[in-house]
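Examining the three-dimensional arrangement
Chain by chain, the residues:
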Number of protein chains: 2
Amino acid sequence: MDTSIMITLQELKELIWHKKIGQLREVFEEYNIVDMSELVGELTLQEALFLFKTLKKDITSQIFAYLSHDKQEELIQAFTGPQIKEMLDALYDDDIIEFIEEMPANIVHHILQNASPQQRVEINQLLSYEENSAGSIMSTNFVVLKETDTVPVAFRKIKEQGSTAETIHYCYITDERKVLRGVVTLRNLLLSDQTEPVSEIMNTDLVYVKTTDDQEDVAKLFEKYDLTVIPVVNDDKCLIGIVTVDDIIDVIHEEATEDIHKMSAITPMDKTYLDTSVLEMAKSRILWLLILMISATFTGQIMANYEAMLQANVALSIFIPMLMDAAGNAGNQASTMVIRALATGELKTSDMMKIWWKEIRIALLCGMIMGGVNFLRILLFMGTVDMKTSLIVSLTVFVTVGMAKLVGCTLPVIAQKLKFDPAVMAGPLITTVVDALSLFVYFQLATRFLL
Amino acid sequence: MDTSIMITLQELKELIWHKKIGQLREVFEEYNIVDMSELVGELTLQEALFLFKTLKKDITSQIFAYLSHDKQEELIQAFTGPQIKEMLDALYDDDIIEFIEEMPANIVHHILQNASPQQRVEINQLLSYEENSAGSIMSTNFVVLKETDTVPVAFRKIKEQGSTAETIHYCYITDERKVLRGVVTLRNLLLSDQTEPVSEIMNTDLVYVKTTDDQEDVAKLFEKYDLTVIPVVNDDKCLIGIVTVDDIIDVIHEEATEDIHKMSAITPMDKTYLDTSVLEMAKSRILWLLILMISATFTGQIMANYEAMLQANVALSIFIPMLMDAAGNAGNQASTMVIRALATGELKTSDMMKIWWKEIRIALLCGMIMGGVNFLRILLFMGTVDMKTSLIVSLTVFVTVGMAKLVGCTLPVIAQKLKFDPAVMAGPLITTVVDALSLFVYFQLATRFLL
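Residues numbered from 1 in each chain as written. Chains lettered and ligands numbered in written order. Predicted model: local features only at pLDDT ≥ 70, side-chain atom pairs only at ≥ 80, totals over all residues.

Details of the overall build of chain A
Heads up, the rule is: Going along the chain from the N terminus, every DSSP run of H or I of four or more residues is numbered as a helix, and every run of E of two or more is numbered as a strand. Values of the radius of gyration come from C-alpha atoms, whereas the globule rule sets the reference at 2.2 Å times the count of residues to the power 0.38. In this scheme the burial state of a residue depends on its C-beta neighbours within 10 Å: 20 or more other such atoms mean buried, 12 or fewer mean exposed, and anything in between means partly exposed; the C-beta positions come from the backbone. What counts as a contact is two residues whose backbone-derived C-beta atoms lie within 7 Å of each other.
Scanning chain A for helices and strands turns up 25 helices and six strands. Over its C-alpha atoms chain A spans a radius of gyration of 30 Å, topping by over 25% the 22 Å that the globule rule assigns to 451 residues. Overall size of chain A, expressed as C-alpha extent along the three principal axes, is 90 × 60 × 40 Å. Taken across its 451 residues, chain A has 43% of its residues classed as buried. Here the analysis covers contacts within chain A between residues at least 6 apart in sequence; of these, 70% occur between residues at least 24 apart.

So this is what it looks like as structure tokens:
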């Protein structure tokens, strides 16, 4: 793995200080724009502003899109009106929307003031799509053809529209009312007879989404159909935009992070770890911590009910942490597997019987091994514990590990059926439910066999 | 979202039974191949074999690539030698490798027997790359150009190689020793002067990977540089293959699933939930369950040490489940956030000081709220508990929530520094470590203030 970047931050700064405009332009032409953007992110505001004045705007707009939101804000505040307009002209509009969404209101105002009237309408339109909808991540820069265009006409149009389009590999065919009719790839065009009209070559069996569709569903279509671009239409099936695969990769990543956080009882946040303030961070965690602590009142209640027995057999309490952990872990394993499989579409709620049948057998197997090993562990390492207690504890391990697996695989499916998010509803609650169950089983068995 | 499929399984079966070859070909031309593959997956072997004999091989090869491994195996066993050869000719070789890797040895033998000598060499070569390496997911079907090719020559070559190449949107330029020199997009070629040699247009600042690079690192490059294709080279920088973004999406998904499973103490598996046998499933879970149960011997030991005190104050034991859960949850939140941020590259081990400073403040905030609410909870709902015990319990909540957050954010970073996988080493262990700590603090505080 090598990206062959060969200029250091210091060298870049020196080129800027000595105003070596020619060399600067060469450097930015030659090296990878993502790597160069990283360096630009380290420059002072003055140095960066010099660069943005010096370099060509197709280069600066790309650099701008790759900068952090903080850097973007800093630059926008320092830009003159015409500079802002130039930047907006050169950026793809999904990049414009992505950075505008993160800017404070006064900056957004500043940007919109300097946009052309048409840009303003477009930006406002794009900003109005709901967060996480297809409309909010789409680009409106794409190549459009007519059904009657011949191959040479198509190529001419591609050359005309190609400089601003986000991709020219997929060209969309619409009718006079902008209704999406088909798609043709550049490959189709290149490999086909020059005299044919586009309507003969185009693929009419299109996978498309609506502006209001959830980005997670859009990502699932990309995976299912191995897409690199998907067209976005409105309610009348008019072509409005396209979503490209690079944005979908970000969506897949974000959604996975969100699911992971939810399973660990963290309310999802938008920003990165270091960018999130302590207060936001605490807020995203405290709610679930409190809910789970207060729901632990039940486990306390169960314990209180058996206070007399605990008093008579203190040895029993020694095993409570182990029992709760074993049950919690076993339950978590099952729920995690099912939650993830539901999220990726690998499992459906209609698979409940199959899941149960599988988990019952796993539960029996794991329960027996755990119970057996626990019995040996007590025998070998905890000589002071009497045989009867060891047996009760080991039996409880067997029963609770099994129960935990069944509860763990069932709760997420129920949550999904009730249209709740399985990661939120089932993930954090499993431990609490399973804890209460395991204590109950433990004391029931102890009452029966010990007293 | 609409994929406009309009034929039912029943209709498809009827077309096959009545041998309506013309209509069948039309249907498979018209509808989306992924949807049609789903239908083919539901056919009987006889019906599917009829289809594979009837349809064009560029269609059947695509259908084959989308079928489940079980269906593929069934078909391969029923295919004649020439049919297998035809299928191998028409498939992209990353698809060949993907299905061969899942087939039992006798089927692989059967396939290799029917491959051409050159195919056999290629397949064996591709199969020899380590699992999860760039070499194991790459395709060797790509367009190659020479530096001296002019634009018209390039277009001619693209048309020649285009029918077998996995993508023609990116064409790679190599020298006579096959060393990778640059890349040119179809867009560059289309928008540039027809007389220019490719060397003038090509981009020499290439992001590439080696065959031995880990697929997770390859995926990170796709994200960082917004790529749709990446070239794969050997140690001498000779171009060997390309990895396309559709395969990378699968990698990103798999890696997220793996991390989620590891954090919940499940050893990662290759297959899907329903495809994995009960025995494999139990095996992937039992190891960690046992490790965690046996490590709970420590918590038992701590409890045993304070047996006398528990005997004298049974009320203390009532709060143990709640304390352990609160600490476990608080620790899990911190470790999950840090593990995920390390996995996505958002955090580095060098950020340890920043992480601590952040978590210390979150810990204080969450600890105080939790301690306070707990005190109120006992006062309101558990009237029988005396004031001194409530205070000790609430103080323990404050201390252990804080400690759990610090342990939770530190363990993953240490694991990463020691080159262990944070998800494996830190995820499952957090609860056990934090449980022991919280019990220790609880009994220490109780000894000091209660006796």
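So, the domain arrangement of chain A
We count it as follows: Residue ranges assigned to each domain were obtained from an automatic or database domain assignment.
As far as domains go, chain A holds domain 1 (9–132), domain 2 (143–251) and domain 3 (296–450). Spacing between the C-alpha centres of domain 1 of chain A and domain 3 of chain A amounts to 55 Å.

Section: the relation of the copies chain B and chain A
To keep things clear, this is the line we draw: The copies are overlaid by a least-squares fit using only the C-alpha atoms of residues whose pLDDT is at least 70 in both copies.
For the pair chain B and chain A, the superposition axis carries a translation of 0.0 Å, the fit reaches an RMSD of 0.1 Å, and the rotation angle comes to 180°. Between the two chains, the operation in question is that of a two-fold axis. Comparing contact sets, 100% of the residues at the interface of chain B also lie at the interface in chain A, consistent with an isologous, same-surface contact.

What to know about the sheet that holds strand β2 (residues 170–174) of chain B
All names here are of chain B. For the record, the criterion: If DSSP finds at least two bridges between two strands, the strands pair. Axes here mean lines fitted to C-alpha atoms, for a helix over just the part in contact, with angles spanning 0 to 180 degrees between N-to-C directions.
Across the sheet, three strands lie side by side as β1-β2-β3; this open sheet has mixed pairing. Because the sheet does not close on itself, it has two edges, and the strands there are β1 (143–145) and β3 (180–185). For this sheet the average axis-to-axis angle between neighbouring strands, irrespective of direction, equals 35°. Examined bridge by bridge, β1 and β2 share three bridges and lie parallel to one another. Paired with Val-144 across the bridge in β2 is Tyr-172. The strands that helix α12 (residues 151–162) touches are β1 and β2; relative to β1, the one it contacts most, it runs at about 150°.

A closer look at the interface of chain B and chain A
Condition: Ten residue types, Ala, Val, Leu, Ile, Met, Phe, Trp, Tyr, Cys and Pro, are classed as nonpolar, four, Asp, Glu, Lys and Arg, as charged, and the remainder, Gly among them, as polar.
Contacts between the two partners involve 104 residues from chain B and, on the opposite side, 104 residues from chain A. Of all the elements, helix α21 (residues 320–343) of chain B adds the most residues to the side of chain B that touches chain A, at 14 residues. Among the residues making up the side of chain B that touches chain A, the classes are represented as 56 nonpolar, 25 polar and 23 charged.

Section: helix α21 (residues 320–343) of chain A
All names here are of chain A. Operational definition: The length a helix should cover is 1.5 Å for every residue beyond the first.
For α21, with 24 residues, the first-to-last C-alpha span of 34 Å sits near the 34 Å given by 1.5 Å per residue. In terms of burial, α21 is largely enclosed, as 24 of its 24 residues are buried. Immediately beyond the C-terminal end of α21, within one or two residues, lies Gly-345, with a positive phi of roughly 85°.

Section: the sheet that holds strand β2 (residues 170–174) of chain A
Residue and element names in this part refer to chain A. The sheet built from three strands is open, its strands ordered β1-β2-β3 with mixed pairing. What marks the edges here is a single partner per strand, and that holds for β1 (143–145) and β3 (180–185). Averaged over all pairs of adjacent strands, the angle between strand axes in this sheet comes to 35°, irrespective of strand direction. Sheet analysis places β2 next to β3, joined by five bridges and oriented antiparallel. Looking at β3, one finds that Tyr-170 is bridged to Thr-185. Those strands touched by helix α12 (residues 151–162) are β1 and β2, and its axis lies near 150° from that of β1.

Some words on the pairing of strand β5 (residues 229–233) of chain B
Residues and elements named next belong to chain B. A large share of β5 lies buried, amounting to five of its five residues. Side chains Val-229, Pro-231 and Val-233 project from β5 onto one buried face, and the interleaved Ile-230 and Val-232 project onto a second face that is buried too. In this sheet, β5 lies alongside strand β4 (residues 209–210) in parallel orientation, the contact comprising two bridges. In the strand pairing of β5, Lys-210 is matched with Val-233. In the sheet, β5 pairs with strand β6 (residues 239–244) via five bridges, with the strands oriented antiparallel. For Val-229, the partnering residue across the bridge sits in β6 and is Thr-244. Taken together, β5 and the strand that follows it, β6, pair antiparallel across an intervening segment of five residues, in which Lys-237 is found at a positive phi of about 65°.

A word on the packing of helix α5 (residues 57–66) of chain B against helix α7 (residues 81–90) of chain B
Residues and elements named next belong to chain B. Formally: Small angles under 35 degrees read as roughly parallel and large ones over 145 as roughly antiparallel, with 65 to 115 read as roughly perpendicular and the rest as oblique.
In contact at an axis separation of 9 Å, α5 and α7 are set at 85° when each is read in the N-to-C sense. In terms of orientation, α5 and α7 fall into the roughly perpendicular class. Across from Lys-57, Asp-58, Ser-61 and Phe-64 in α5, the residues of α7 making contact are Glu-86, Met-87 and Ala-90. In the contact of α5 with α7, the residues fall into three nonpolar, one polar and three charged.

Focus on the environment of Leu-75 of chain A
Within the secondary structure layout, Leu-75 of chain A lies in helix α6 (residues 69–78). Setting aside its immediate chain neighbours within four residues, Leu-75 of chain A contacts Ala-48 and Phe-52 of chain A.

Concerning the environment of Phe-155 of chain B
Residue and element names in this part refer to chain B. Here Phe-155 lies in helix α12. Overall, the presence of 18 C-beta atoms within 10 Å leaves Phe-155 in the partly exposed class. Sequence separation between Phe-155 and Leu-190 is 35 residues, and the spatial gap between their C-alpha atoms is 9.0 Å.

Notes on the packing of helix α16 (residues 245–263) of chain A against helix α16 (residues 245–263) of chain B
Look at α16 of chain A against α16 of chain B: their axes get within 10 Å of each other, and the N-to-C directions meet at 10°. Taken together, the axis directions place α16 of chain A and α16 of chain B in an arrangement best described as roughly parallel. Taking contact as the criterion, the partners of Val-245, Ile-249, Ile-252, His-253, Ala-256 and Ile-260 of chain A in α16 of chain A are, on α16 of chain B, Val-245, Ile-249, Ile-252, His-253, Ala-256 and Ile-260 of chain B. Across the contact of α16 of chain A with α16 of chain B, the residue classes tally to ten nonpolar, two polar and no charged.

A word on the confidence of the model for chain A
How we decide: As a per-residue measure, pLDDT reflects the predictor's confidence and takes values from 0 up to 100.
In the predicted model, chain A carries a mean pLDDT of 87, and the fraction of residues at 70 or more is 98%. At the level of chain-chain contacts, confidence expressed as ipTM amounts to 0.77, with global pTM at 0.78.

Digging into unusual backbone geometry
Of note, Lys-178 of chain A is a non-glycine position whose phi angle comes to about 70°, a positive value. Along the polypeptide, Lys-178 of chain A turns up in the loop between β2 and β3. Of note, Lys-419 of chain B is a non-glycine position whose phi angle comes to about 65°, a positive value. Structurally, Lys-419 of chain B is set in the loop between α23 (387–417) and α24 (422–425).

Observations concerning the environment of Tyr-273 of chain A
Note on placement: Tyr-273 of chain A falls in the loop between α16 and α17 (278–295). Exposure remark for Tyr-273 of chain A: the 20 C-beta atoms within 10 Å place this residue in the buried category. A sequence separation of 61 residues divides Tyr-273 of chain A from Ala-334 of chain A, and the C-alpha atoms of the two residues are 28 Å apart. With residues up to four places along the chain from it excluded, the contact list for Tyr-273 of chain A reads Met-337, Ala-341, Glu-346 and Leu-347 of chain B.

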